[in-house]
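# Remarks on the overall topology
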Amino acid sequence: MMLAGFAESRAQSDAQFTQYYEIPAYYNAGAIGTTDLLRIRGGMRMQWVGIDNAPRNFVATADMPLKLFGRRWALGLVLNQGSMGLYRSMNLGFRAAYHQPLFKGRLSIGLGAGFVDQTFRGSDVFIPDGDDFHESSDEAIPTTDIRGNAIDLSLGAYYTHRLFWAGISVNHLNNPSVSFNSESGEGGLENNYEFRVGRTAYFMAGSNIPVKNTLLEVIPSLLVKSDFNFTTAEVTARVRYNRFLTAGLGYRYKDALSLILAAELKGFYIGYSYDYPASAIAKASSGSHEIIAGYSLRLDLSEKNKNKHKSIRIM
């Protein structure tokens, strides 16, 4: 005899990085190739230190512009690995974008395609005796490790101008459904599980404002995130000295206050941020730590003269 059960849950959403402005391609498929640089970034976020099984996330991005058929395009790659409780998640996405001059700036329209891989460690599930909410035989809770994956799509538009930048995007555009199958040898019991990665919309914006007659720049920025049920926003204000040292503060609505420090030198970047909880979770956690590092290499996108020749003058 075979019994079948079905349970649906919602998988963890995108990670929230305090230094979001350094990895815009993670949030927006159109935010690639916006400079004449090959940009590589990688980082780690340890959230809510002091709490067991708190979220941990690793991210890596790379993007570059290119000229093709006389037009400007861009290619990019985004990798994110995360854990939260008994969940493990990996997202790998490729980005491609087309750039079009517009109003003394440049508009980039990008599409992302990749996959999401989800794992649930059901073998580590522990339900104490006398639990008022669950029974040890609850079929909605996997008791073995299960894993599944699905195609993941994203879409974004990103505009850059000498005075500001802004972008709007939707990740997990196709609302990926990750299906699992769990079997136990006892009685031929089979359970099917489905984890959905919900669509998430983002709005990003920022600017670089030089302070007259100084080597300082004021760099404000904003990130708004919504899964169409819950919306949150983060504002950041940084000051950069001589395009070398940066310090700033940030605030994530009803979540955390942030301190940000960074340095840039000869294409290398390293940034650190510390988040102090602005909610009741401060009673259990000392805060969150995040490090982002990377390298940028300038590319030559100038038009090459295929008919160039040398002229030798005999004196």
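Just so you know, these numbers come straight off a predicted model, no measurement behind them.

## Some details on the overall build of the chain
For the chain, the helix and strand inventory stands at one helix and 18 strands. Classification of the 315 residues of the chain by burial places 42% in the buried group. In the chain, of all internal contacts separated by at least 6 residues, the share reaching a separation of at least 24 is 56%. Taken as a whole, the chain presents about 18,000 Å² of accessible surface, with 62% of it coming from carbon and sulfur.

## Examining the pattern of salt bridges
Any two side chains of opposite charge can pair, on the condition that their charged atoms come close. A full pass over the atoms with the stated rule returns eleven salt bridges. Among the ionic pairs, Asp-36 bridges to Arg-72, the shortest N-O distance being 2.9 Å. A residue pair is termed long-range when its members are at least 10 positions apart, and Asp-36 in the loop between helix 1 (24–27) and strand 2 (37–49) and Arg-72 in strand 4 (residues 71–84) qualify at 36 residues. Using a relative accessible area of 12% as the deciding quantity, one classes Arg-72 as buried. We note a salt bridge from Glu-217 to Arg-240, for which the minimum N-O separation is 3.0 Å.

## Considering the confidence of the model for the chain
Here the chain averages 85 in pLDDT, and 82% of its residues register 70 or above. Of the regions scoring below 50 in pLDDT, residues 1–8 engages in 21 contacts with residues more than four places distant in sequence or in other chains.

## What about the environment of Thr-246?
Along the chain, Thr-246 turns up in strand 15 (residues 245–252). Under the relative-accessibility criterion, Thr-246 is labelled buried at 7%. With 28 residues separating them along the chain, Thr-246 and Val-218 place their C-alpha atoms 9.6 Å apart.

## Structural notes on the nonpolar core
Counting 23 residues, the largest nonpolar core has Phe-17, Tyr-26 and Tyr-27 as the members making the most contacts within it. When residues of this core are traced back to their parent elements, those giving at least two are helix 1, strand 4, strand 11 (200–206) and strand 16 (256–265). Ignoring anything within four residues of it in the chain, the contact list for Tyr-26 reads Asp-14, Ala-15, Phe-17, Val-59, Thr-61, Val-78, Asn-80, Arg-95 and Asn-171. In terms of nonpolar packing, the next biggest core, distinct from the first, is built from ten residues, Phe-120, Ala-150, Val-178 and Phe-180 among them.

## Quick look at the pairing of strand 16
One ladder, built from eight bridges, connects strand 15 with strand 16; its direction is antiparallel. Bridged to Thr-246 within strand 16 is Ala-262. Connecting strand 15 to the next strand, strand 16, in antiparallel fashion are three residues, including Lys-254 with a positive phi near 55 degrees. Bridging between strand 16 and strand 17 (residues 268–277) involves ten bridges; their strand directions are antiparallel. Bridge assignment links Leu-261 to a residue of strand 17, and that residue is Tyr-272. The turn joining strand 16 and strand 17, which pair antiparallel and follow one another in sequence, is formed by two residues; a positive phi near 50 degrees is taken by Lys-266.

Calculation criteria
Residues numbered from 1 in each chain as written. Predicted model: local features only at pLDDT ≥ 70, side-chain atom pairs only at ≥ 80, totals over all residues. Heavy atoms only, no water. Helix = DSSP H or I, 4+ residues; strand = E, 2+ residues; numbered from the N terminus. Buried < 20%, exposed > 50% of the residue type's maximum accessible area, 1.4 Å probe, protein only. Contact = heavy atoms within 4.5 Å. Areas by Shrake-Rupley, 256 points an atom, 1.4 Å probe, with all protein chains shown as cover. Salt bridge = Lys/Arg side-chain N within 4 Å of Asp/Glu carboxyl O. pLDDT = per-residue confidence, 0-100. Core = buried A, V, L, I, M, F, W, Y, C linked by side-chain atoms within 4.5 Å. Pairing = 2+ DSSP bridges.

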